[in-house]
Amino acid sequence: MLIKDILQKGNDNENSILACISILLLIGLDQFVKFLITSHMALYDTKPVIKQVFHITYIQNKGAAWGSLQGKRYFLLAITILVLAFLVYFYVRMLKLNKYKDLRILFIFVFSGAAGNMIDRIRLGYVIDMFDFRLINFPVFNVADIYVTCSMIILLVFILFKYKDNELDDLFGKSKKDSKQE
């Protein structure tokens, strides 16, 4: 109830503190799972949870999603920093407008996922992945990837079905007057 009250009535400061705590907890969960994997498994070890459906497999991903951009560590770090800056900028805009609570929550998850994988890239030079969904030969992924992927799917659904036409214009600095002129 307290979190709901802060999101509905809280000032920017309270919402910012709640966002920071949420981000730290989400990143902490991601890093804890990665720590468990690296401390209990050797590289490329796999443990079936459901044989030929879902395994825990320890791999080191030196690229981005689906193994793309292999070895482009500094490029990926630069892109991540830009994404994080974008998320902070728009999160602050949403706070000032006192709108888009659902988008703010999604941004917290995307930020946490991007930051979690960035920590790996900075610290290790690669991202630790472990969830191996084999039923459809899906790439191995991690907790941070889940945050980003699920949030982006929900964001797409929101854009397609929840927010209509010019509802997001004020977020991008367009006034209602500007929108009518287009």
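No experiment lies behind these values; they were computed from the predicted model shown.

J.: Got a minute to help me understand the environment of Arg73 in this structure?
T.: Mapped onto the secondary structure, Arg73 falls in helix α3 (residues 73–97). Taking the C-alpha atoms as reference, Arg73 lies 6.8 Å from Arg121; in sequence the two are 48 residues apart. Residues contacting Arg73, with those up to four places away along its chain left out, are Arg121, Ile122 and Gly125. A polar side-chain atom of Arg73 sits 2.8 Å from the main-chain carbonyl oxygen of Arg121. A distance of 2.9 Å separates a polar side-chain atom of Arg73 from the backbone oxygen of Ile122.

J.: Could you clarify how one ought to interpret the pattern of salt bridges in this entry?
T.: Side chains that carry opposite charge are capable of pairing whenever their charged atoms lie near each other. Under the counting rule described, the total for this entry stands at 5 salt bridges. The partner of Asp30 in a salt bridge is Lys34, and the shortest N-O contact between them spans 2.9 Å. Note that Asp30 and Lys34 are positioned in helix α2 (residues 12–40) at a spacing of 4 residues, about one turn of the helix. Taken individually, Asp30 and Lys34 each receive the classification buried, so the pair is uniform in this respect. Notably, a salt bridge pairs Lys162 with Asp102, separated by 2.3 Å at the nearest N-O pair. With Lys162 in helix α5 (residues 143–162) and Asp102 in helix α4 (residues 101–124), the pair connects residues that are 60 residues apart, well separated along the chain. Under the relative-accessibility criterion, Asp102 is labelled buried at 17%.

J.: I would appreciate a short explanation of the packing of α2 against α3 in the present structure.
T.: The geometry of a pair of packed helices is captured by two quantities: the angle between their axes and the separation between those axes. At a minimum axis distance of 10 Å, the contact between α2 and α3 shows a crossing angle of 145°. Between α2 and α3 the crossing geometry is right-handed. Contacts between α2 and α3 involve Asp12, Asn15, Ser16 and Ala19 from the former and Tyr91, Leu95 and Lys96 from the latter. The residue makeup of the contact of α2 with α3, split by class, is 3 nonpolar, 2 polar and 2 charged.

Rules used in this analysis
- Residues numbered from 1 in each chain as written.
- Predicted model: local features only at pLDDT ≥ 70, side-chain atom pairs only at ≥ 80, totals over all residues.
- Heavy atoms only, no water.
- Helix = DSSP H or I, 4+ residues; strand = E, 2+ residues; numbered from the N terminus.
- Contact = heavy atoms within 4.5 Å.
- Polar contact = N/O pair within 3.5 Å; in protein donor to acceptor, adjacent residues only side chain to side chain.
- Salt bridge = Lys/Arg side-chain N within 4 Å of Asp/Glu carboxyl O.
- Buried < 20%, exposed > 50% of the residue type's maximum accessible area, 1.4 Å probe, protein only.
- Axes fitted to C-alpha atoms, helices over the stretch in contact; angles between N-to-C directions.
- Left-handed = near helix turned anticlockwise from the far one by under 90°.
- Nonpolar A, V, L, I, M, F, W, Y, C, P; charged D, E, K, R; others polar.

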